[in-house]
Protein chains: 2
Amino acid sequence: MTQITLTLDAVEQLAQSCLLANGCNADNANAVADTILQAERDGCHSHGLLRLPGYVAALKSGKVDGHACPEVTAVSPSMLRVDAGGGFAPLALNSGRPALIEAAKTHGVAIMAITRSHHFAALWVEVEPLARAGLAALACTAYMPAMPPAGGNKPFFGTNPMAFGWPRGTQPPMVFDMAAAAMAKGEVLVAARDGHELPAGTGLDRDGKPTTDAQAIIDGGMLLPFGGYKGSGIAMMIELLAAGLIGERFSFEAAAHDNKDGGPPRGGEFILAIDPSRLGGDDWLAHCESFFAAMLAIDGTRLPGDRRHANRAQTPKTGIPVPEALLNKIKDLGGQLP
Amino acid sequence: MTQITLTLDAVEQLAQSCLLANGCNADNANAVADTILQAERDGCHSHGLLRLPGYVAALKSGKVDGHACPEVTAVSPSMLRVDAGGGFAPLALNSGRPALIEAAKTHGVAIMAITRSHHFAALWVEVEPLARAGLAALACTAYMPAMPPAGGNKPFFGTNPMAFGWPRGTQPPMVFDMAAAAMAKGEVLVAARDGHELPAGTGLDRDGKPTTDAQAIIDGGMLLPFGGYKGSGIAMMIELLAAGLIGERFSFEAAAHDNKDGGPPRGGEFILAIDPSRLGGDDWLAHCESFFAAMLAIDGTRLPGDRRHANRAQTPKTGIPVPEALLNKIKDLGGQLP
């Protein structure tokens, strides 16, 4: 597979121009392009340019409004709703974030619910700014049915990612971002694209039989929750928080309403932010740093997100490798390099 | 193993009298005995009378104050701290619960932090009343080091249970309660007691080698997080919420300070309650029931907690089986049957 190396600026302009050429206004194009840029910058290629054709498909079919203007409403002083207006999630997230941070700092805890949005990105991008603002943050979202509840063999839960961020003062925040599936859908897409075999226990094929073939999972098969019934419980909790609690569509409802254009379905996102300085004591930061230090003193351990931070330090120098076929596809869709 | 069948009343009186005989006042004895009763009633024997000798040891050594009088403080209108005063957790939970429910109903979301407590019980007992009050609830607590972070081979995280409850109107709430370990410590204790072999992947022995022998895990070995690095991330999140965020001891700190009397160490608990009626729309309950119905329509699935509800319906008729050796031990400690 031929790879073309692009600068970070080129990645961003490629994404922006492609989105502008397909019906996004500048605000929406910039917000989505920034999300794509952050994924590529941190080596998270499964959530970067690879998803751009899906964004474009959703714009072209009319499912997603590229001119959406999100509206932020305070349901209570510590509960915000951001109506994304049928647009992509990034602009909605940017619109609500300042109010979420302020509410969490004022009241100690706050929730932001994103509704009527189309989410297609990595969640760590969304909790990291909250952690940088000094808040603990939890975010989750449901998606299309991709895996069965424990004991079942029909897709029902989405891969349902959950991200958690923790502030570390002058150091980069600790952020993990995990699908409730044994493997993220994006990683399965990458494995299928690259022809890599998956570990046992990742999924079932269309007949409900275990498989290690990524394409068999994509072609009517399904992922399995990680860790058996416990991961299934977490996937269910995410459905309830990111759909039931905020009045948005469960994965099974999103699938029933989706036009199958390949872009993200309509759905919601649940974000919780908590100020650790309120209950944690004056020394909460040092206290928690002592925890990370003790953990990292154990051979073989590392903090989640360390690989992303390492990539982030390198990619401004090394550039971003982009498969030539993907680059050509994006150019065909109207994307332009600087 | 000879089992003696006790009525629910007998279980409660046995626990109460034993706790009263060992330094608890009536309020504390009643609260702990009720927690033990609920565990036995629901068939959760690992968290019932089996733990009573540990409660007694902690009282006898002076580690736990059986006369503790918890203090509830509002840190903000939506953040409560309950200082358990060095007592067992159940009375602290009972003391703070009404204010937590009121705060969550008033503001949509609220947090209750329990500090200076000794926690030795199942978490589902603690989220179920919140779900019965119409709230979504998440609770977690850290404990003694029992399992390594992903990649490590020294105990560092507690088994760190997390429970989640969801209100279902006139039906019993959906409640799951899972350790972040591949198996709950209580189940390992039961397996060791009963001589049952554990599934592969449950833990490592004292040399860091995989084992299926429950006793080898107890004797200086360790449990593994469920689902590999994802379960490890969840165990870490629980440490940060139930210790860092609320200014209490991480598992590794609890171990350093504990007197090793066999009772629960000092620690904290994090409880989050959210009112789904605030963001979920007028039809939130019916909407969520349609989700459960669609899930249960898939062959082989069931709701977490169903087994407990089934046991709860039966045990008033069948009584509670208690191993004779355990019953005699409790009697030796001052427990009395009616």
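About the criteria used
- Residues numbered from 1 in each chain as written.
- Chains lettered and ligands numbered in written order.
- Predicted model: local features only at pLDDT ≥ 70, side-chain atom pairs only at ≥ 80, totals over all residues.
- Heavy atoms only, no water.
- Axes fitted to C-alpha atoms, helices over the stretch in contact; angles between N-to-C directions.
- Helix = DSSP H or I, 4+ residues; strand = E, 2+ residues; numbered from the N terminus.
- Parallel < 35°, antiparallel > 145°, perpendicular 65-115°, else oblique.
- Left-handed = near helix turned anticlockwise from the far one by under 90°.
- Contact = heavy atoms within 4.5 Å.
- Nonpolar A, V, L, I, M, F, W, Y, C, P; charged D, E, K, R; others polar.
- Least-squares fit on C-alpha atoms with pLDDT ≥ 70 in both.
- Domains from an automatic or database assignment.
- Buried area = accessible area lost by both parts, 1.4 Å probe.
- Polar contact = N/O pair within 3.5 Å; in protein donor to acceptor, adjacent residues only side chain to side chain.
- Buried < 20%, exposed > 50% of the residue type's maximum accessible area, 1.4 Å probe, protein only.
- Pairing = 2+ DSSP bridges.
- Right-handed = clockwise from strand over helix to strand, strands pointing away.
- Core = buried A, V, L, I, M, F, W, Y, C linked by side-chain atoms within 4.5 Å.
- Salt bridge = Lys/Arg side-chain N within 4 Å of Asp/Glu carboxyl O.

Enquirer: Account for the packing of helix α1 (residues 8-20) of chain B against helix α3 (residues 52-60) of chain B, with residues named and values stated.
Expert: Residues and elements named next belong to chain B. Close contact between α1 and α3 brings their axes to 10 Å; oriented N to C, the two are set at 15°. One way to sum up the angle between α1 and α3 is to call them roughly parallel. For the element pair α1 and α3, the recorded crossing hand is right-handed. Contacts from Leu14, Ala15, Cys18 and Leu19 of α1 reach α3 at Leu52, Tyr55, Val56 and Leu59. Looking at the contact of α1 with α3, its residues break down into 8 nonpolar, no polar and no charged.

Enquirer: Residue-level account of the relation of the copies chain B and chain A, with values.
Expert: Rotating chain B by 180° about the axis while translating it 0.0 Å along that axis superimposes it on chain A, leaving an RMSD of 0.0 Å. A rotation of that kind, with that shift, is consistent with a two-fold axis. It is glycine 227 of chain B whose C-alpha, among those of chain B, lies nearest the rotation axis, at 1.9 Å. The share of interface residues of chain B whose copies in chain A are also at the interface is 100%, consistent with both copies meeting through the same surface.

Enquirer: An account of the domain arrangement of chain A is requested, with residue identities and associated values reported.
Expert: Residue and element names in this part refer to chain A. When cut into domains, chain A gives domain 1 (3-181 + 225-282 + 305-332) and domain 2 (183-224). Each side of the interface is counted separately: domain 1 has 15 residues, and domain 2 has 13 residues. Roughly 1,100 Å² is buried in total at the junction of domain 1 and domain 2, and carbon and sulfur atoms are behind 69% of that figure. For domain 1, the biggest contributors to the area lost against domain 2 are Leu50, Asn153 and Ala181; these three give 31% of the whole. Across the domain 1-domain 2 interface, the total number found is 2 residue pairs in polar contact (both at pLDDT 80 or more). Of the residues in the side of domain 1 that touches domain 2, the class split is 10 nonpolar, 3 polar and 2 charged.

Enquirer: Explain the pairing of strand β4 (residues 109-118) of chain A to me, and be specific about the residues and the numbers.
Expert: All names here are of chain A. Counting buried residues in β4 gives 9 out of 10 residues, a clear majority hidden from the surface. Strand direction decides the pairing type here: strand β3 (residues 79-88) and β4, joined by 7 bridges, are parallel. What sits directly across from aspartate 83, in β4, is threonine 115. Between β3 and its parallel partner β4, the chain crosses via helix α4 (residues 89-107), and the hand of that crossover is right-handed. Of the strand pairs in this sheet, β4 and strand β11 (residues 266-274) are connected by 8 bridges, and their pairing is antiparallel. Bridge pairing in β11 places alanine 113 opposite phenylalanine 270.

Enquirer: Quick one: what's the story with the nonpolar core, residue by residue and with numbers?
Expert: Formed by 102 residues in total, the largest nonpolar core has its most connected members in Trp166, Met236 and Leu240 of chain A together with Trp166, Met236 and Leu240 of chain B. With near-sequence residues (within four places) excluded, tryptophan 166 of chain B lies in contact with Leu240, Gly244 and Leu245 of chain A together with Ala131, Ala136, Pro173, Met174, Pro276, Trp284, Cys288 and Phe292 of chain B.

Enquirer: So, the sheet that holds strand β5 (residues 136-141) of chain B: which residues are in play, and what are the values?
Expert: Spatially, 7 strands are ordered β2-β3-β4-β11-β5-β6-β7 (chain B) in an open sheet, and the strand pairing comes out mixed. The open sheet has two edge strands, β2 (71-76) and β7 (171-179) of chain B, and neither has a second partner. Going across the sheet, the axis of each strand differs from the next one's by a mean of 15°, ignoring polarity. Sheet contacts for helix α8 (residues 229-244) of chain A: β5, β6 (161-168) and β7 of chain B; angle to β7 of chain B, the most-contacted strand, approximately 130°. Helix α4 (residues 89-107) of chain B rests against β2, β3 (79-88), β4 (109-118) and β11 (266-274) of chain B of the sheet, and its axis sits at about 170° to β4 of chain B.

Enquirer: Describe the pattern of salt bridges, naming the residues involved and giving the relevant values.
Expert: Residues and elements named next belong to chain A. Within the structure shown, the criterion is met by 20 salt bridges over all chains. For glutamate 128, the salt bridge identified is with arginine 132, shortest N-O distance 3.1 Å. Of this pair, glutamate 128 and arginine 132 both sit in helix α5 (residues 124-132), separated by 4 residues, roughly a single helical turn. Among the residues examined, glutamate 128 registers a relative accessible area of 6% and is labelled buried. Taking the shortest distance from any N to any O, the salt bridge between arginine 266 and glutamate 248 comes out at 3.0 Å. Of this pair, arginine 266 sits in strand β11 while glutamate 248 sits in the loop between α8 and α9 (251-257), and the two are 18 residues apart along the sequence. The class of glutamate 248 is buried, set by a relative accessible area of 3%. Three or more residues are tied together by salt bridges with common partners; here these are Arg41, Asp42, Glu128, Arg132 and Arg312.

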